[in-house]
Amino acid sequence: MKFVQTGLLYVFGSLCLLSCNHDIKKTSKNEAKNLPNIVFVYLDDLGYGDVSAYGATELNTPNIDQLANEGMKFINGFATSATCTPSRYGVMTGKYPWRNQKAQILPGSAPLIIDTTEATLPKMLKESGYQTAIIGKWHLGLGYGDLNWNGHIAPGPNELGFDHSYIMAATQDRVPTVYIDNGYVDNLDPDDPIEVNYEENFEGEPTGYNNPEMVTLEADDQHNKTVINGIPRIGYMKGGESARWSDIDMADHFLEKVQTYLSDKNESEKPFFLMYTMQQPHVPRTPHPRFEGTTSMGARGDAIMEADWVVGELMKSLDEADILENTLVIFSSDNGPILADGYEDQAEELLGQHSPSGNLKGTKYSLFEAGTRVPFITYWKDKIEPGVSDALVSQIDLFSSLAALVENESSTTDSQNLLDVFLGKSKEGRKDIIIEAMTRTAYKKGDWVMIPPQKGPKIMWGKGIETAFSKKFQLYNLAEDPRQDNNLADSNPEKLAEMLEGYEAIISEEFQPNRIKK
Ligand code: NG6
Ligand code: CA
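Since this is a predicted model, take the numbers as computed values, not measurements.

S.K.: Honestly, the pairing of strand 22 (residues 474-477) in this entry has me stumped. Any pointers?
M.R.: Successive residues of a regular strand alternate their side chains across the two faces of the sheet. Burial of the side chains of strand 22 extends over both faces: Q474 and Y476 are buried on one face and L475 and N477 on the other. As paired strands, strand 19 (residues 448-451) and strand 22 are joined by four bridges and run antiparallel to one another. Across the sheet, V449 pairs through a bridge with Y476, a residue of strand 22.

In structure tokens:
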């Protein structure tokens with residue numbers, strides 16, 4: 001009986017999902033066209049276990065939990081890569097990032113790695129009548145190389161389909177530490193031009209290693225260069241004093257930009273697509289002082305609390321603008337979690353019982369599960385029935401799935417149309433997927449993962465990062481061994497052969513630079 005009731009509810013729910021486009025209360029002009037607004041909230045280095053809805057008990061994330069509990073919570077949702085640039089490349093293009101050799105962690109001075117003629121998610125949505133915006137982290141390169149930061153910074157997000165962009169160029173730990181407003185450094189004094197160099201310092205400019213007295217957050221060698229706000233960064237920068245950001249105010253600053261962007265959206269003729277690429281909890285972790293001590297985990301935990309608060313404010317803003325019911329919100333993270341990542345912020349020492357990876361093996365930079373399995377939530381008030389989905393989904397699928405949502409026929413070879421899965425109408429996800437970490441790749445199908453033999457450090461940067469790179473084949477059955485402790489490659493040669501065949505059907509040899517072939 002219970003099953004029948006649930007079944008009926010499901011059928012009713014599905015019918016509603018199919019027909020409700022016609023029934024919804026008209027609250028804004030763009031609703032008339034039945035195209036929902038889309039907000040993609042994309043965090044930086046937030047782990048599978050960093051959210052209470054995903055099992056964290058040592059910190060509480062009520063606002064992200066609300067999305068998870070009132071939307072569809074994916075427990076098998078993947079970033080395409082275990083680092084930022086390639087993952088973002090995957091979201092933007094709907095293509096596996098290993099197809100583009102340049103899709104690797106970029107310096108802040110790197111040229112744009114996506115050709116302006118390529119199809120992108122924002123271009124596709126724009127073509128379908130959307131206003132498009134990105135606010136937050138970029139990290140896909142800017143210009144053509146040898147960029148003049150004092151002029152028009154292009155090509156960048158605006159040339160790839162965003163009508164509006166307000167970004168940081170790369171990461172919070174990389175220069176230049178300024179915001180870029182639609183291609184121009186915000187608040188720049190032309191008499192104090194910015195210069196950026198990733199090779200050598202500018203004469204007489206302070207660095208972390210030459211001026212330790214200026215440093216308030218100690219860093220490793222790689223991060224010990226230009227000191228800004230007491231924090232040494234990767235790369236050297238000179239000038240642009242008035243444009244330099246305040247780290248502790250970054251979350252409030254981006255939020256304010258988002259709120260301004262949303263404020264007139266109810267009046268707008270067009271639906272909008274907003275990519276809100278938040279900086280937390282990437283290093284340097286600089287939560288505003290009002291979040292200090294909100295966890296016992298120091299800056300990393302407090303930065304997650306700040307991010308959760310931001311998500312709550314975002315949802316309030318959508319509600320206040322009266323567009324919540326017509327907005328699909330997607331929440332995820334660009335890669336798995338990491339504790340020590342260049343700064344002495346005691347993330348390891350203060351961790352306590354918290355497991356950022358949700359007890360999975362691996363971290364950011366790793367081919368083990370926690371490198372790419374991330375929180376992944378879709379929320380659409382009254383449209384997506386709350387639930388938990390174990391369907392295999394990837395961020396590259398957003399391209400084809402959102403195209404289907406807006407009835408655009410675009411798709412890519414790698415991106416699958418999983419719209420029904422994202423809307424909670426189906427649990428039939430992908431059959432298989434390739435995941436990537438630092439140019440190495442692995443293949444997942446059903447409960448199985450196969451990692452082919454590849455050159456590369458087993459442990460990275462002496463910091464206990466287990467990369468999963470090995471000279472031997474690895475084969476794991478996640479249903480029986482979620483921690484990936486038992487390599488079954490020798491004991492199950494049939495499964496290994498089947499997995500290898502699936503892998504090679506997708507990824508040809510030219511895209512396996514580190515593969516060891518016997
Ligand atoms: C690494 C940095 C790390 C972080 C990462 C990018 C070193 C030793 N480590 O190279 O601190 O900035 O790049 O992170 O320099 S990501 O999330 O943007 O991919
Ligand atoms: Ca990241």
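Read on for the rest.
S.K.: Would you explain the coordination of the calcium ion (ligand 2) in this entry?
M.R.: In an ideal octahedron of six donors the angles at the metal are 90 or 180 degrees, and in an ideal tetrahedron of four donors they are 109.5 degrees. For the calcium ion (ligand 2), the protein coordination sphere consists of D44 (OD), D45 (OD), D334 (OD), D334 (OD) and N335 (OD1), at 2.2 to 2.7 Å. Sequence spacing of the donor residues for the calcium ion (ligand 2), all on one chain, is D-D-x288-D-N. With relative accessibility at 0%, the residue D334 sits in the buried group.

S.K.: Help me understand the domain arrangement of the protein in this model?
M.R.: How big an interface is tends to be stated in terms of accessible area lost as the parts join. Assigned domains of the protein: these are domain 1 (35-189 + 247-433), domain 2 (195-238) and domain 3 (445-511). A separation of 27 Å is found between the C-alpha centroids of domain 1 and domain 3. Taken together, the contacts link 21 residues of domain 1 with 23 residues of domain 3. Overall, the association of domain 1 and domain 3 removes approximately 1900 Å² of surface from exposure, summing both partners, and the carbon and sulfur fraction of that is 60%. When residues of domain 1 are sorted by the area they lose upon contact with domain 3, K361, L367 and F368 head the list and together hold 32% of the total. Where K361 meets D485, a salt bridge forms, and the shortest distance between an N and an O atom there is 3.3 Å. Our count for the contact surface shared by domain 1 and domain 3 stands at seven residue pairs in polar contact (both at pLDDT 80 or more). Grouping the amino acids of the side of domain 1 that touches domain 3 by side-chain chemistry returns eight nonpolar, five polar and eight charged.

S.K.: Is there a simple way to explain helix 7 (residues 397-405) in this structure?
M.R.: A turn of α-helix holds 3.6 residues, and therefore any two residues three or four places apart point the same way. The buried count for helix 7 comes to eight of nine residues, which makes it a mostly enclosed element. Considered for burial, the residues of helix 7 that qualify are D397, L398, F399, S400, S401, L402, A403 and L405. A positive backbone phi angle near 55° is found at E407, which sits one or two residues after helix 7.

S.K.: I keep staring at the packing of aromatic side chains and nothing clicks. Help me out?
M.R.: The relation between two aromatic rings is expressed through the spacing of the ring centres and the mutual angle of the planes. A full pass over the atoms with the stated rule returns 16 aromatic pairs. With 5.9 Å between their ring centres and 85° between their planes, Y261 and F272 make a pair best called edge-to-face. Of this pair, Y261 sits in helix 5 (residues 250-263) while F272 sits in strand 12 (residues 272-277), and the two are 11 residues apart along the sequence. Assessed through its relative accessible area of 10%, Y261 is described here as buried. F272 gets classed as buried once you look at its relative accessible area, which sits at 0%. Ring centres of F291 and W309 lie 5.7 Å apart, and the angle between their planes is 55°; on these two criteria the pair is classed as tilted. Taken as a pair, F291 in the loop between strand 12 and helix 6 (299-320) and W309 in helix 6 lie far apart in primary sequence, 18 residues in all. Assessed through its relative accessible area of 26%, W309 is described here as partly exposed. Following the ring pairs from residue to residue traces out a cluster consisting of Y166, Y179, W245 and F254. Positioned above the aromatic ring of Y48 is the side chain of R373, whose terminal nitrogen or guanidinium carbon lies 5.1 Å from the ring centre.

S.K.: Which parts of the structure should I look at to understand the side chain of R300?
M.R.: Here R300 is to be found in helix 6. Polar contacts involving the side chain of R300 include one to the side chain of D50, which spans 2.6 Å. Ignoring any residue separated from it by four or fewer positions in sequence, one finds R300 in contact with D45, G47, D50, P281, R285, P337, I338, L339, A347, H354 and P356.

S.K.: For this particular structure, what's the right way to read the site of ligand 1?
M.R.: Around ligand 1, 19 residues are found, and the nearest of them are D173, R174, Q222, D341 and K364. A distance of 3.1 Å separates an oxygen atom of ligand 1 from a polar atom in the side chain of D45. C84 places a polar main-chain atom, nitrogen or oxygen, 2.8 Å from an oxygen atom of ligand 1. Within the complex, 94% of the 450 Å² of free accessible area of ligand 1 lies under protein. Each residue belonging to the shell around ligand 1 can be placed in one class, and the counts come to five nonpolar, seven polar and seven charged.

S.K.: I'm lost on the environment of N150 in this one. Help?
M.R.: Looking at the element boundaries, N150 is found in the loop between strand 4 (131-137) and strand 5 (164-168). Taking the C-alpha atoms as reference points, N150 and D264, 114 residues apart in sequence, are found 31 Å from one another. Beyond its immediate sequence surroundings of up to four residues, N150 is in contact with L188, P193 and I194. For N150, the side chain forms a polar contact with the main-chain nitrogen of I194, separated by 2.7 Å.

S.K.: What's the story with the sheet that holds strand 18 (residues 440-445) in this structure? I'm lost.
M.R.: Working definition: the strands of a sheet are paired by backbone hydrogen bonds and lie parallel or antiparallel to each other. The strand order 17-18-19-22 describes an open sheet built from four strands, whose pairing is antiparallel. In this open sheet, the two edge strands, each paired with only one partner strand, are strand 17 (432-437) and strand 22. Ignoring which end each strand starts from, the neighbouring axes of this sheet average 20° apart. With three bridges joining them, strand 18 and strand 19 adopt antiparallel strand pairing. Across the sheet, residue K445 finds its bridge partner in strand 19, namely W448. The sheet strands contacting helix 9 (residues 493-506) are strand 17, strand 18, strand 19 and strand 22, and the helix crosses strand 18 at an angle near 115°.

S.K.: I keep staring at the packing of helix 5 against helix 6 and nothing clicks. Help me out?
M.R.: Two quantities define a packed helix pair, namely the angle between the helix axes and the distance between the axes. Viewed as axis vectors pointing N to C, helix 5 and helix 6 meet at an angle of 15°, and their least axial separation amounts to 10 Å. With respect to each other, helix 5 and helix 6 are oriented roughly parallel. Both helix 5 and helix 6 take part in a crossing whose hand is right-handed. For the pair formed by helix 5 and helix 6, the contact residues are A251, D252, L255, V258, Q259 and L262 on the first element and E306, W309, V310, E313, L314, S317 and L318 on the second. Taken together, the residues that form the contact of helix 5 with helix 6 break down as eight nonpolar, two polar and three charged.

S.K.: Whenever I open this one, the pattern of salt bridges confuses me. Can you help?
M.R.: Side-chain pairs of opposite charge can arise where the charged atoms are in close proximity. Taken as a whole, this structure holds 28 salt bridges when the rule is applied. K95 is paired through a salt bridge with E118; the nearest N and O atoms lie 3.0 Å apart. Residue K95 is found in the loop between helix 3 (84-93) and helix 4 (121-127), and its partner E118 is found in the loop between helix 3 and helix 4; the two are separated by 23 residues along the sequence. Residue K95 is classed as partly exposed on the basis of its relative accessible area of 29%. The residue D173 makes a salt bridge to R174 at a minimum N-O spacing of 3.3 Å. Across the pair, R174 and D173 agree in class, each one buried. What emerges from the salt-bridge pattern is a single network uniting D44, R88, K137 and D334.

Criteria and thresholds
- Residues numbered from 1 in each chain as written.
- Chains lettered and ligands numbered in written order.
- Predicted model: local features only at pLDDT ≥ 70, side-chain atom pairs only at ≥ 80, totals over all residues.
- Heavy atoms only, no water.
- Buried < 20%, exposed > 50% of the residue type's maximum accessible area, 1.4 Å probe, protein only.
- Helix = DSSP H or I, 4+ residues; strand = E, 2+ residues; numbered from the N terminus.
- Pairing = 2+ DSSP bridges.
- Donors = N, O, S within 2.8 Å, 3.2 Å for Na, K, Ca; no water.
- Domains from an automatic or database assignment.
- Contact = heavy atoms within 4.5 Å.
- Buried area = accessible area lost by both parts, 1.4 Å probe.
- Salt bridge = Lys/Arg side-chain N within 4 Å of Asp/Glu carboxyl O.
- Polar contact = N/O pair within 3.5 Å; in protein donor to acceptor, adjacent residues only side chain to side chain.
- Nonpolar A, V, L, I, M, F, W, Y, C, P; charged D, E, K, R; others polar.
- Phe/Tyr/Trp six-rings, centres within 6.5 Å; stacked < 30°, edge-to-face > 60°.
- Lys NZ or Arg CZ within 6 Å of the ring centre and 35° of its normal.
- Near = heavy atom within 4 Å.
- Areas by Shrake-Rupley, 256 points an atom, 1.4 Å probe, with all protein chains shown as cover.
- Axes fitted to C-alpha atoms, helices over the stretch in contact; angles between N-to-C directions.
- Parallel < 35°, antiparallel > 145°, perpendicular 65-115°, else oblique.
- Left-handed = near helix turned anticlockwise from the far one by under 90°.

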